[in-house]
Amino acid sequence: MALRVLLPTALRHLVGNQEEVQLAGKTVAEVMSDLVSKFPELKRHLFTAEGKLRNFVNVYVNDEDVRYLQDDQTPVKENDVVSIVPSIAGGNIAAIEETFAGVELSNDEIARYSRHLIMPEVGMEGQKKLKAAKVLLIGTGGLGAPLGLYLAAAGIGRIGLVDFDVVDFSNLQRQVIHSTKDVGRPKLLSAKEKILAINPHVQVDTYETMLRSGNAMDIIKNYDIVIDGTDNFPTRYLVNDACVLLDKPNVYGSIFRFEGQASVFYAREGPCYRCLYPEPPPPGLVPSCAEGGVLGILPGTIGLVQATEAVKLILGRGRTLVGRLMLYDALEMKFRELKLRKNPKCPLCGENPSIKALIDYEQFCGITPPAAVAAVSKEEAVEMTPEELKARIDGGTEPIIVDVREPHEFDICRIPNSILIPLGQVPSRMNELDKNAEIVVHCKMGGRSAKAVDQMRKAGFKNVINLTGGINRWAEKVDPKMPKY
Ligand code: ZN
């Protein structure tokens, strides 16, 4: 009696690249044993050493899942179609499933990972999968710090790090992979040292670059899982799109003040980031952590949720955040969860995708290229440097200085004789100022003040100018005693 057995792509190379094979048997168990006797190489992929069907394998008879009935000798008859389908979590990372069996653990590693090895959910098999896994961290900042430390400790075999930044004093409040002595050093060097100090068995790859459309595919293609630890929209969309195009899971996390989000975007199983947010917010609407602040502990919580999801994906255990958005409110100490649906009209992962390659993400997110800004400032002087402002003050031709930061920032440091009007109050309070006077507006770094300048110009202020680089640049260039934050 013959019936058809359909095999998944990941296993076809073990059966002479056939999509299906003709086999015999009266029950699913008999068919499976016929399968592995004809193709012995399949055995270690489908069964554990004890002869149990691996957790990531599901068996369907005529599209019905018989996984748990298998031991009950589910009968099959002529012309039935038996499909072997890797499950959501484990099977998706075909590269790990195909390679982990050849991985060995040394006695040192067995001692190191003993608390994993005695858990049936991990065991030797799971630990070998962790060692076989290749995980890419985009960013070694707030989220990347706990991710790097814990994934290294857990025994991930290969960790890729992408960053181009240098450690700053203001990073140390949350980026626990960097130490005080690392201030001024490249984050990549500091992160790599900490990872190797925790676990010398990890291979660390470093990419000292900004992730861009031109290099993202080349970097990401070498890894099984991508973890997004970025803090800006262009990179988020870039990571999402590259992961969908390369069929990789993208473990997402984001943080702001006291709130965080996490999910797993994996287009073959569920929605992608674009299904959730088809378009980025207009530039400036959502403040960054540098503008709005972040509780130092928050990235620890969210980064470790991301690390947990990555480990589950590798082990093929549990239920991942695919199709779910986790929301965390640290002030309330509440976790909530929203169901996410795949958008059939998603331009990237929907039924008729219009995006088939990476695009220009700066432009997509509405970020004005520097060239355009330069053109405007030539035409009408909208920027003044801190040095120029200082020279004007010293020369006795001081303009009106308006500070559009928040009062708690004004408490940290301020430029002498400046008037505090927080950005949100600018529309209602700009009438306190003389429309014809020369006014210099500043904030912390220049972003909020540019918005205020724009609003005031539209309201008829003729001579309003943005202070380049904000009070932070003033502290650097003019008043080194002033604290920077
Ligand atoms: Zn999508």
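What counts and how
- Residues numbered from 1 in each chain as written.
- Predicted model: local features only at pLDDT ≥ 70, side-chain atom pairs only at ≥ 80, totals over all residues.
- Heavy atoms only, no water.
- Phe/Tyr/Trp six-rings, centres within 6.5 Å; stacked < 30°, edge-to-face > 60°.
- Helix = DSSP H or I, 4+ residues; strand = E, 2+ residues; numbered from the N terminus.
- Buried < 20%, exposed > 50% of the residue type's maximum accessible area, 1.4 Å probe, protein only.
- Pairing = 2+ DSSP bridges.
- Domains from an automatic or database assignment.
- Donors = N, O, S within 2.8 Å, 3.2 Å for Na, K, Ca; no water.
- Tetrahedral: all angles 85-135°; square planar, octahedral: opposite > 155°, others 65-115°.
- pLDDT = per-residue confidence, 0-100.
- Contact = heavy atoms within 4.5 Å.
- Disulfide = S-S within 2.5 Å.
- Core = buried A, V, L, I, M, F, W, Y, C linked by side-chain atoms within 4.5 Å.
- Patch = residues over 30% accessible without salt bridge, like charges linked within 9 Å, V, L, I, M, F, W, Y side chains within 5 Å.
- Areas by Shrake-Rupley, 256 points an atom, 1.4 Å probe, with all protein chains shown as cover.
- Salt bridge = Lys/Arg side-chain N within 4 Å of Asp/Glu carboxyl O.
- Axes fitted to C-alpha atoms, helices over the stretch in contact; angles between N-to-C directions.
- Parallel < 35°, antiparallel > 145°, perpendicular 65-115°, else oblique.
- Left-handed = near helix turned anticlockwise from the far one by under 90°.
- Nonpolar A, V, L, I, M, F, W, Y, C, P; charged D, E, K, R; others polar.

**A closer look at the packing of aromatic side chains**
For any two aromatic rings, the description comes down to two numbers: the centre-to-centre distance and the angle of the planes.
Okay, step 1: Summed over the entire model, instances satisfying the criterion amount to eight aromatic pairs.
Okay, step 2: Relative to Tyr 273, the ring of Tyr 237 lies with its centre 5.0 Å away and its plane at 65 degrees, an arrangement referred to as edge-to-face. Of the two residues, Tyr 237 sits in helix H11 (residues 233–246) while Tyr 273 sits in helix H12 (residues 273–276), which places them 36 residues apart along the sequence. The residues Tyr 237 and Tyr 273 share a single accessibility class, namely buried.
Okay, step 3: Ring centres of Tyr 328 and Phe 335 lie 4.6 Å apart, and the angle between their planes is 25 degrees; this geometry places the pair in the stacked category.

**Things to note about the pairing of strand S2 (residues 20–24)**
Okay, step 1: By the alternation rule, side chains of S2 split into Val 21 and Leu 23, which are all buried, and Glu 20, Gln 22 and Ala 24, of which none is buried.
Okay, step 2: Judged from the five bridges that link them, strand S1 (residues 2–6) and S2 form a sheet pairing that is antiparallel. Following the sheet pairing, Leu 3 is matched in S2 by Leu 23.

**Some remarks on the domain arrangement of the protein chain**
Okay, step 1: If you check the domain split of the protein chain, you get domain 1 (2–86), domain 2 (94–367) and domain 3 (371–477).
Okay, step 2: For domain 2 and domain 3, the distance between their C-alpha centres works out to 38 Å.

**Thoughts on the coordination of the zinc ion**
Okay, step 1: Here the zinc ion is held by the protein donor atoms Cys 272 (SG), Cys 275 (SG), Cys 346 (SG) and Cys 349 (SG), which lie 2.3 Å from it.
Okay, step 2: One can describe the donor arrangement at the zinc ion as tetrahedral, given that its four donor atoms subtend angles of 93 to 120 degrees at the metal.
Okay, step 3: Considered as a linear motif, the donors of the zinc ion on their single chain read C-x2-C-x70-C-x2-C. Here Cys 349 lies in the loop between strand S13 (334–339) and helix H15 (361–364) and Cys 275 lies in helix H12, a separation of 74 residues in the sequence. Just as Cys 275 is buried, Cys 349 falls in that class too.

**Examining the confidence of the model for the protein chain**
Okay, step 1: With 92% of its residues at a pLDDT of 70 or more, the protein chain has an overall mean of 89.
Okay, step 2: Between residues 370–379, whose pLDDT stays under 50, and residues either more than four places distant or in other chains, the model counts three contacts.

**Quick notes on the sheet that holds strand S14 (residues 383–384)**
Okay, step 1: Reading across the sheet, the five strands line up as S14-S18-S17-S15-S16 and stay open at both edges, with parallel pairing between neighbours. The two strands at the open ends of the sheet, each matched to only one other strand, are S14 and strand S16 (419–420).
Okay, step 2: Across two bridges, S14 lies against strand S18 (residues 464–467) in parallel orientation. Bridging from a neighbouring strand, Glu 383 pairs with Asn 466 of S18.

**Topic: the environment of Arg 12**
Okay, step 1: The residue Arg 12 is located in helix H1 (residues 9–12) in this model.
Okay, step 2: Sequence separation between Arg 12 and Leu 42 is 30 residues, and the spatial gap between their C-alpha atoms is 9.5 Å.

**Let's talk about the state of the cysteines**
Okay, step 1: Applying the stated criterion across every chain yields a total of zero disulfides.
Okay, step 2: Considering cysteine sulfurs only, Cys 443 is the nearest to Cys 413, which forms no disulfide, with 12 Å between them.

**Observations regarding the nonpolar core**
Okay, step 1: Counting residues in each nonpolar core, the largest one holds 47 residues, and the members touching the most others are Leu 151, Ile 225 and Ile 227.
Okay, step 2: With nine residues, helix H14 (residues 298–315) is the largest single contributor of residues to this core.
Okay, step 3: Once residues lying within four places of it in the same chain are set aside, the contact partners of Ile 227 are Val 135, Leu 136, Leu 137, Ile 138, Leu 147, Leu 151, Val 251, Gln 306 and Ala 310.
Okay, step 4: Judged by nonpolar contacts, the second largest core, of 24 residues, contains Val 5, Val 15, Phe 47 and Val 59.

**Remarks on helix H8 (residues 144–154)**
Okay, step 1: Counting buried residues in H8 gives nine out of eleven residues, a clear majority hidden from the surface.
Okay, step 2: Every buried residue belonging to H8 is among Gly 144, Ala 145, Pro 146, Leu 147, Gly 148, Leu 149, Leu 151, Ala 152 and Ala 154, and all of these are buried.
Okay, step 3: Of the residues trailing H8, Gly 155 is marked for its positive phi of about 100 degrees.

**Observations concerning a nonpolar patch on the surface**
Okay, step 1: Among the surface-exposed residues, Phe 258, Leu 295, Ile 297 and Leu 331 lie close enough to one another that they form a single nonpolar patch of about 390 Å² accessible area.
Okay, step 2: Along the chain, Leu 331 turns up in the loop between strand S12 (324–329) and S13.

**Examining the environment of Leu 321**
Okay, step 1: Residue placement: Leu 321 occurs in the loop between H14 and S12.
Okay, step 2: Accessibility expressed as a relative area gives 7% for Leu 321, which makes it buried.
Okay, step 3: Separated by 146 residues in sequence, Leu 321 and Gln 175 place their C-alpha atoms 24 Å apart.
Okay, step 4: When near neighbours in sequence (up to four residues on either side) are disregarded, Leu 321 contacts Ala 262, Ser 263, Val 264, Val 305, Glu 309 and Met 326.

**Some points on the sheet that holds strand S8 (residues 203–207)**
Okay, step 1: Spatially, S8-S7-S6-S9-S10-S11-S12-S13 is the arrangement adopted by the eight strands of the open sheet, whose pairing is mixed. The outermost strands of the open sheet, each flanked by one partner alone, are S8 and S13. Direction aside, the axes of adjacent strands within the sheet are offset by 15 degrees on average.
Okay, step 2: Where H8 meets the sheet, its contacts fall on strand S6 (134–138), strand S7 (158–162) and strand S9 (225–228), and the angle it forms with S6 comes to roughly 160 degrees.

**Section: the packing of H8 against helix H9 (residues 187–198)**
Okay, step 1: Where H8 meets H9, the axes come as close as 9 Å, and the angle between the chain directions of the two elements is 30 degrees. For the element pair H8 / H9, the angle class is roughly parallel. By crossing handedness, the relation of H8 to H9 is classed as right-handed. Listed contacts from H9 to Gly 148, Leu 149, Ala 152 and Ala 153 of H8 are Lys 194, Ile 195 and Ile 198.
Okay, step 2: Looking at the contact of H8 with H9 residue by residue, the classes come out as five nonpolar, one polar and one charged.

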